[in-house]
Amino acid sequence: MSYVHGLGDAQERLAMEYDRKYGWIVDLKIACPHCGSSEFVDVEDFEKTDSDETGEEWTLECWCQACEKVFNHIHEFDFS
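Just so you know, these numbers come straight off a predicted model, no measurement behind them.

*Asks:* With reference to specific residues and values, describe a negative patch on the surface.
*Replies:* A cluster of acidic residues, Glu 44, Asp 45, Glu 47 and Glu 61, forms a negative patch at the surface. Per-element tally for the negative patch: the top contributor is strand β1 (residues 41–51), with three residues. Tracing the backbone shows Glu 61 in strand β2 (residues 55–64). Since its relative accessible area comes to 36%, Glu 61 is described here as partly exposed.

*Asks:* Tell me about the pairing of β2, residues and numbers included.
*Replies:* Pairing analysis gives ten bridges linking β1 to β2, with the strands arranged antiparallel. When the sheet's bridge partners are listed, Glu 47 is paired in β2 with Thr 59. By the bridge criterion, ten bridges tie β2 to strand β3 (residues 69–78) in an arrangement that is antiparallel. Across the sheet, the residue bridging to Glu 56 is Phe 77, located in β3. Connecting the antiparallel pair β2 and β3 is a turn made up of four residues, with Glu 68 showing a positive phi of about 60 degrees.

*Asks:* Lay out the nonpolar core in plain terms, naming residues and giving numbers.
*Replies:* Ile 25, Ile 30, Cys 32, Val 41, Trp 58, Leu 60, Cys 62, Cys 64 and Phe 71 together form the largest nonpolar core, which totals nine residues. In terms of residues, this core owes the most to one element, β2, which gives four residues. Leaving out residues up to four positions away in the same chain, Leu 60 has contacts with Ile 25, Leu 28, Ile 30, Val 43, Asp 45, Phe 46, Phe 71, Asn 72 and His 73.

*Asks:* I'd like a description of the environment of Glu 76, backed by residues and values.
*Replies:* Within the secondary structure layout, Glu 76 lies in strand β3. For Glu 76, a relative accessible area of 55% puts it in the exposed group. Each C-alpha atom, one on Glu 76 and one on Asp 50, is 10.0 Å from the other, the two residues being 26 residues apart in sequence.

*Asks:* Describe the confidence of the model for the protein chain, listing the residues and the values that go with them.
*Replies:* When pLDDT is averaged along the protein chain, the result is 86, and 88% of the positions lie at 70 or above. Confidence scores differ between elements of the protein chain, with helix α1 (residues 7–26) showing the lowest mean pLDDT of 84 and β2 the highest of 92.

Analysis parameters
Residues numbered from 1 in each chain as written. Predicted model: local features only at pLDDT ≥ 70, side-chain atom pairs only at ≥ 80, totals over all residues. Heavy atoms only, no water. Patch = residues over 30% accessible without salt bridge, like charges linked within 9 Å, V, L, I, M, F, W, Y side chains within 5 Å. Areas by Shrake-Rupley, 256 points an atom, 1.4 Å probe, with all protein chains shown as cover. Salt bridge = Lys/Arg side-chain N within 4 Å of Asp/Glu carboxyl O. Lys, Arg positive; Asp, Glu negative; His and termini not counted. Charge placed at Lys NZ, Arg CZ, Asp CG, Glu CD. Helix = DSSP H or I, 4+ residues; strand = E, 2+ residues; numbered from the N terminus. Buried < 20%, exposed > 50% of the residue type's maximum accessible area, 1.4 Å probe, protein only. Pairing = 2+ DSSP bridges. Core = buried A, V, L, I, M, F, W, Y, C linked by side-chain atoms within 4.5 Å. Contact = heavy atoms within 4.5 Å. pLDDT = per-residue confidence, 0-100.

In structure tokens:
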């Protein structure tokens with residue numbers, strides 16, 4: 001990719017903003033339901049669902065490097 005003057009600063013700002021909003025996902029200890037490993041689980045994608053009754057529900061699409069399987073993990077924030 002060729003360098004575009006000033007684009008690096010904008011990309012860095014976006015990356016920092018992304019880390020502030022979603023950095024907590026990296027810190028989650030998610031155990032693979034197939035092999036039980038939590039050391040080699042990567043979050044590939046995520047989706048947030050808001051609920052007036054409970055708070056937020058996050059569906060995380062995860063991939064386990066140990067057994068090479070994909071699975072979904074649901075993480076909830078209860079604001080009630």
